[in-house]
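Chain and residue survey
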Amino acid sequence: NAGVMQNPRHLVRRRGQEARLRCSPMKGHSHVYWYRQLPEEGLKFMVYLQKENIIDESGMPKERFSAEFPKEGPSILRIQQVVRGDSAAYFCASSGGSDTGELFFGEGSRLTVL
Amino acid sequence: KNEVEQSPQNLTAQEGEFITINCSYSVGISALHWLQQHPGGGIVSLFMLSSGKKKHGRLIATINIQEKHSSLHITASHPRDSAVYICAVRPMRGAQKLVFGQGTRLTINP
């Protein structure tokens, strides 16, 4: 009965490379949320997805960032041409749905851009 | 001004003390979450509240919707309670996204 699984836990990239972060929600959950935690800052909402649909991406930077949650497989947060300011912990959470559904968080993926 | 304010930002106490962390918010909400984050670790959801009070072990969470205020209490605190405690609200509008407080860093000394 695995919880929310994120990988990789740690990722190091050089400026200009691409970063792909993966999130497998809890079994039976079809709602996925991505949050970013910059160093010494609080968590910020990035994007909310359901299977094959982006529901709310109002927290996503306009450029270089994209997210998907395909019919099969994990949700992917993709950052193209990474810059040092992208260094952060990226957390995924999942829920079974509804506005008041309980949220379950993953362990996070820590991206370091050199 | 942040929509979610926590106090104190940092709290150091001795083992056994009763701990209170406060959260005030300025928007209408459908639910409020208390989360726990250990250094370098993941996030654990402690409580989700929409009214009243919930208790789990030594942890108690209360919410007053009219006053837009919630508290997290820890009884008989222990060094393993040392962590960052985060308050997060689901606004009535845009209820799918959480708005987070800055967190309260709690240190319990033996």
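Refer to the structure printed above.
Worth saying up front: this structure is predicted, and the values here are computed from it rather than measured. (Residues numbered from 1 in each chain as written. Chains lettered and ligands numbered in written order. Predicted model: local features only at pLDDT ≥ 70, side-chain atom pairs only at ≥ 80, totals over all residues. Heavy atoms only, no water.)

On to the side chain of H33 of chain B. Looking at where H33 of chain B falls in the secondary structure, it is placed in strand 4 (residues 29-37). Residue H33 of chain B is classed as buried on the basis of its relative accessible area, which comes to 0%. At 3.4 Å, the side chain of H33 of chain B and the side chain of R90 of chain B are in polar contact. If we skip the residues at most four places from it in the chain, H33 of chain B touches L103 of chain A together with S45, F47, M48, I86, C87, A88, R90 and L98 of chain B. (Helix = DSSP H or I, 4+ residues; strand = E, 2+ residues; numbered from the N terminus. Buried < 20%, exposed > 50% of the residue type's maximum accessible area, 1.4 Å probe, protein only. Polar contact = N/O pair within 3.5 Å; in protein donor to acceptor, adjacent residues only side chain to side chain. Contact = heavy atoms within 4.5 Å.)

Looking now at unusual backbone geometry. Residue N7 of chain A is joined to P8 of chain A through a cis peptide bond whose omega torsion reads 0 degrees. Note on placement: P8 of chain A falls in the loop between strand 1 (5-7) and strand 2 (10-13). Of the consecutive residues S7 of chain B and P8 of chain B, the connecting peptide bond is found in the cis state with omega at -10 degrees. Tracing the backbone shows P8 of chain B in the loop between strand 1 (4-7) and strand 2 (10-14). We note that Q81 of chain A has phi near 45 degrees; this positive angle belongs to a residue other than glycine. Mapped onto the elements of the fold, Q81 of chain A is located in the loop between strand 8 (75-79) and strand 9 (88-95). Although it is not a glycine, K68 of chain B adopts a positive phi angle of roughly 55 degrees. Here K68 of chain B shows up in the loop between strand 7 (59-64) and strand 8 (69-74).

A separate point is the sheet that holds strand 8 of chain A. Two orientations exist for strands paired in a sheet by backbone hydrogen bonds: parallel and antiparallel. Residue and element names in this part refer to chain A. Read from one edge of the open sheet, four strands run 1-3-8-7, paired in antiparallel fashion. Whereas interior strands pair on both sides, the edge strands pair on one side only; in this sheet they are strand 1 and strand 7 (65-68). Ignoring strand direction, the axes of neighbouring strands in this sheet form an average angle of 15 degrees. Pairing between strand 7 and strand 8: four bridges, direction antiparallel. Residue E68 lies in a different strand from strand 8, and its bridge partner there is I76. (Pairing = 2+ DSSP bridges. Axes fitted to C-alpha atoms, helices over the stretch in contact; angles between N-to-C directions.)

Here we come to the pattern of salt bridges. All names here are of chain A. If you walk through the whole model with that rule in mind, you get six salt bridges over all chains. With its nearest N and O atoms 2.9 Å apart, the salt bridge here joins E18 to R78. Here E18, found in the loop between strand 2 and strand 3 (19-24), pairs with R78, found in strand 8; they are 60 residues apart in sequence, far enough to count as distant. Judged by its relative accessible area of 29%, E18 is partly exposed. As a salt-bridge pair, R64 and D86 come within 2.7 Å of each other at their nearest N and O atoms. Taken together, the positions of R64 in the loop between strand 6 (53-56) and strand 7 and D86 in the loop between strand 8 and strand 9 put the pair 22 residues apart, joining distant regions of the chain. Overall, D86 belongs to the buried group, its relative accessible area being 3%. (Salt bridge = Lys/Arg side-chain N within 4 Å of Asp/Glu carboxyl O.)

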